[in-house]
Amino acid sequence: MEWSIEHDSVTGEEYIAVDMRGEPLLRDPFTNKSTAFTAAEREALGLDGLVPPAISTIDQQLARVYENYRVKQTPLERYIHLASLQDRNETLFFRLVHDHIAEMMPIVYTPVVGQACQQFSHIYRRPRGLYISYEQRDRIDAILANHARPPAVIVVTDGERILGLGDQGVGGMGIPTGKLSLYTACAGIPPYLTLPIMLDVGTGNQERLNDPLYLGLRHQRIRGAEYQDFIDRFVEAVMRVYPAAVLQWEDFLKANAITQLARFGDRLCTFNDDIQGTAAVVVAGLYAALRITGQAMRDQRVVLGGAGAAAQGIANLFVAALCDAGLSHEEARRRICTVDSRGLVTEARADMEDFKAAYARPVADVASYVCRDPGHITLEETVRNFAPTILVGTSGTSGLFTEGVIRAMAAANDRPIVFPLSNPTSKSECTAEEAIRWSDGRAIVATGSPFDPVVYGGRTHRIGQGNNAFVFPGVGLGLWAGGVRRATNAMFLDAARALAQLVSQADLDQGAVYPELTRIRHCSHAVACAVIRRAVAEGHAAPEVLPGLEETVSRAMWFPAYRPMRYRRHVPA
Ligand code: NAD
């Protein structure tokens, strides 16, 4: 091991003990402090002359890198600038992102990371994480062991459904890398305990296959039994090599995402953010919105526009919230309507996938609906007839929430709850301004992408962003810091409640149902504690973690600041 984090035996102060001297310290992004090495460290660590004479504070370094960041002209140039800073000096990178979280989150993660995935083979600079290809399926244990140290959190993708951009093959690696940066920036998971993994099974993206610079396997995707066998081998290898790691699935095709969650959810500590994290952040927004309307959860009815992976997670967690409020499972299920590209999902449809079948309306229920074509009941007709209190969009379709749809919501509710969640901004089902204007200023709006505040009728509405980053980093922190053995839906429901409680009265007064992003570490801490408490209650974590829990979680959260560094002389074995 080239370095480790230690504590002074007398003062208790944290420091980094290093086995290397000189240039290697500047090349390792975790040990590199660049111009911030003190005079004593420079002398003791053989760094004299390798950096300019002036000694910078971290604030001076931040001013320098931020100035350079601002002169970059395009979002992709800013992404590359930040990625190279991360490769050079992780402490400075994370402190910069921490200090400018609202400005930089869209660069480090969605939407700009999508562009970086598309350009991956052209902007590739330095390795990060692990690449495991189908051809290496007999050596997965050895490849995992090549990583420097056992990780706390692994994020894995196969690159097939990258954001709204489809199959990016090996370029999908940008997503686990970006996501893990958020685990560190938002919840303080130490960066050296995060591991992004790309499972390369080929790509169906012909443009990538034709690109001479493409860095992945050059064949069509492996599918079917061979694909599943590869995934099984990967998960089993993770369980052998890194049994304590949390495994998060990311941007898999919906059917594969659902399959893997069902297959492995009971075998290791694993979750899918696209499904469970999204659900928790949306349900948190609903709990907060009910603090504005003064209504009870048990009286809510929801229409979901879009019936994909996100909708499935939201529907299931909404049912859990209603059951928790006293409804039977059957009563709760009937409070949900799903609408996809073929209109309201009813039991009249043949050949439905399990999720759609679970929430399909009985034909008798819709027999009395006023509509033009009972074979295709539109979203607006669904809203008029079903009169939901909540409308959520996860359709990836801009314009789906028309004026008619929003006016129908406003006719049924004093304060309609309208969440057009599709990303990026161009795909949002309506704009925040439209939802507010068409409801005469009454809609409580949250979006998936950031929107500027909306001024209507002399009032300014701040638009809360239902950003998954409010949930998944805190969940990961809780699962890791609490030594939790399984991730369950009940933990996500408690995470949602914890987040909703952190929405302040000032946020609610402005119409916002999520906290400001600047409070995200605070949110992650609360989410982590909620996850651990539920884990203990469900028997998935040891009760010994409960006394002093808040302090334990705080101490587990790494903060990007320089620690003193001391040379540790090698004692030959
Ligand atoms: P998905 O591809 O699994 O699902 C999309 C669904 O929309 C499908 O069921 C499809 O039939 C339906 N659809 C397409 N056109 C439609 C139309 N005209 N009317 C009604 N339904 C239509 O994708 P997903 O993973 O569920 O994500 C969907 C969207 O949700 C994406 O844009 C994503 O960015 C967004 N999302 C937002 C958040 C967030 O804000 N926190 C989290 C996750 C996903």
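Whatever comes next refers back to the structure up there.
Keep in mind it's a predicted model, so treat the numbers as computed, not measured.

(A) Representation of the site of the ligand in the model. Near the ligand you find 22 residues, and of these R161, A307, A310, G466 and N468 are the closest. The separation between an oxygen atom of the ligand and a polar main-chain atom of L421 is 3.4 Å. One of the side-chain nitrogen or oxygen atoms of N468 is found 2.5 Å away from a nitrogen atom of the ligand. When the ligand is considered free in solution it has 860 Å² of accessible area, and contact with the protein chains removes 77% of it. The set of elements that each furnish at least two residues to the shell around the ligand consists of α15 (309-324) and β9 (336-340). The residue makeup of the shell around the ligand, split by class, is six nonpolar, 13 polar and three charged.

(B) Region of interest: the side chain of R335. Along the chain, R335 falls in the loop between α16 (329-333) and β9. No salt bridge is formed by the buried R335; the nearest opposite charge belongs to D299, separated by 5.3 Å. Engagement of the side chain of R335 in a polar contact is seen with the backbone oxygen of R298, the distance being 2.6 Å. Look past the residues within four positions of R335 in its chain and what remains in contact with it is R298, D299, Q300, R301, V302, F318, L322, L327, R361 and F386.

(C) Examining unusual backbone geometry more closely. In this chain, T110 is followed by P111 through a cis amide linkage whose omega measures 10°. The residue P111 is located in the loop between α6 (101-108) and α7 (112-118) in this model. Phi is positive for L163, close to 45°, though the residue is something other than glycine. On the secondary structure map, L163 appears in the loop between β4 (153-157) and α10 (174-187). Within the chain, A387 stands out as a residue other than glycine whose phi angle is a positive 50°. With respect to the helices and strands, the residue A387 is situated in the loop between α19 (379-386) and β11 (390-393).

(D) Quick peek at the nonpolar core. Judged by nonpolar contacts, the single largest core of 127 residues is most densely connected at Y79, F271, V392, F419, V475 and L479. With 11 residues, the top contributor of residues to this core is helix α14 (residues 273-293). When sequence neighbours within four positions are dropped, the list of residues in contact with F271 reads Y183, V246, L247, Q248, W249, L261, Q276, F472, V475, L479, A487 and F492. If you look at the next biggest cluster of nonpolar residues, it comprises 32 residues, including L130, L199, V201 and Y227.

(E) Representation of the packing of aromatic side chains. For the structure on display, the rule yields 15 aromatic pairs. Residues W249 and F252 carry aromatic rings whose centres are separated by 5.4 Å and whose planes lie at 75° to one another, so their mutual orientation is edge-to-face. The class for W249 is buried, based on a relative accessible area of 1%. Among the aromatic side chains, those forming a connected cluster through ring pairs are W3, F30, F93, F94, Y192 and W558. We note R78 situated over the ring of Y69; from NZ or CZ to the ring centre the distance is 4.8 Å. Across the ring face of Y15, the terminal group of R566 is positioned such that the distance to the ring centre comes to 3.8 Å.

(F) Spatial organisation of helix α23 (residues 489-501). For α23, with 13 residues, the first-to-last C-alpha span of 19 Å sits near the 18 Å given by 1.5 Å per residue. The inward-facing, buried residues of α23 abut β7 (270-272), α14, α15, α22 (472-481) and α25 (520-537).

(G) Inspection of the side chain of E429 at higher detail. As for its position among the elements, E429 is in the loop between β12 (417-420) and α21 (432-438). Summary of buried charges: E429 has no salt-bridge partner, and the nearest side chain of opposite charge, K427, is 10 Å away. For E429, the side chain forms a polar contact with the side chain of S422, separated by 2.7 Å.

(H) Broad picture of the state of the cysteines. On inspection of all chains with the given rule, the structure shows zero disulfides. Free cysteine C269: the closest other cysteine sulfur is in C529, separated by 16 Å. The structure places no disulfide on C430, whose sulfur is separated from the nearest cysteine sulfur, that of C337, by 19 Å.

(I) Seen up close, the packing of α19 against helix α20 (residues 403-412). Remark: α19 packs on α20, axes separated minimally by 9 Å, with the N-to-C direction vectors making an angle of 10°. Classed by the angle they form, the pair α19 and α20 counts as roughly parallel. Mapping the contact onto sequence places L379, E380, V383 and R384 in α19 and G404, V405, A408 and M409 in α20.

(J) Representation of the pattern of salt bridges within the structure. Overall, the coordinates contain 39 salt bridges when judged by the stated rule. R384 serves as the salt-bridge partner of E380, at 2.9 Å between the closest nitrogen and oxygen. Taken together, the residues E380 and R384, both in helix α19 and four residues apart, mark about one turn of the helix. For R462, the salt bridge is made with D507, and the minimal N-O distance between the two is 2.8 Å. One end of the pair, R462, is in the loop between β15 (459-461) and β16 (464-465); the other, D507, is in helix α24 (residues 505-509), and 45 residues separate them in sequence. Overall, D507 belongs to the buried group, its relative accessible area being 5%. One connected set of salt bridges, linked through shared partners, spans D158, E160, D167, R221 and R223.

(K) Region of interest: the environment of I197. Mapped onto the secondary structure, I197 falls in strand β5 (residues 194-200). Put simply, I197 and H525 are 328 residues apart on the chain and 26 Å apart in space, counted from C-alpha to C-alpha. Sequence-distant contacts of I197, defined by excluding residues within four places in its chain, comprise L130, I132, L144, I154, V155, V156, T157, M173, P176 and F234.

Procedures and definitions
Residues numbered from 1 in each chain as written. Predicted model: local features only at pLDDT ≥ 70, side-chain atom pairs only at ≥ 80, totals over all residues. Heavy atoms only, no water. Near = heavy atom within 4 Å. Polar contact = N/O pair within 3.5 Å; in protein donor to acceptor, adjacent residues only side chain to side chain. Areas by Shrake-Rupley, 256 points an atom, 1.4 Å probe, with all protein chains shown as cover. Helix = DSSP H or I, 4+ residues; strand = E, 2+ residues; numbered from the N terminus. Nonpolar A, V, L, I, M, F, W, Y, C, P; charged D, E, K, R; others polar. Buried < 20%, exposed > 50% of the residue type's maximum accessible area, 1.4 Å probe, protein only. Lys, Arg positive; Asp, Glu negative; His and termini not counted. Salt bridge = Lys/Arg side-chain N within 4 Å of Asp/Glu carboxyl O. Contact = heavy atoms within 4.5 Å. Core = buried A, V, L, I, M, F, W, Y, C linked by side-chain atoms within 4.5 Å. Phe/Tyr/Trp six-rings, centres within 6.5 Å; stacked < 30°, edge-to-face > 60°. Lys NZ or Arg CZ within 6 Å of the ring centre and 35° of its normal. Expected span 1.5 Å × (residues − 1). Disulfide = S-S within 2.5 Å. Axes fitted to C-alpha atoms, helices over the stretch in contact; angles between N-to-C directions. Parallel < 35°, antiparallel > 145°, perpendicular 65-115°, else oblique.

Functional significance is not addressed by these values, which are geometric in nature.
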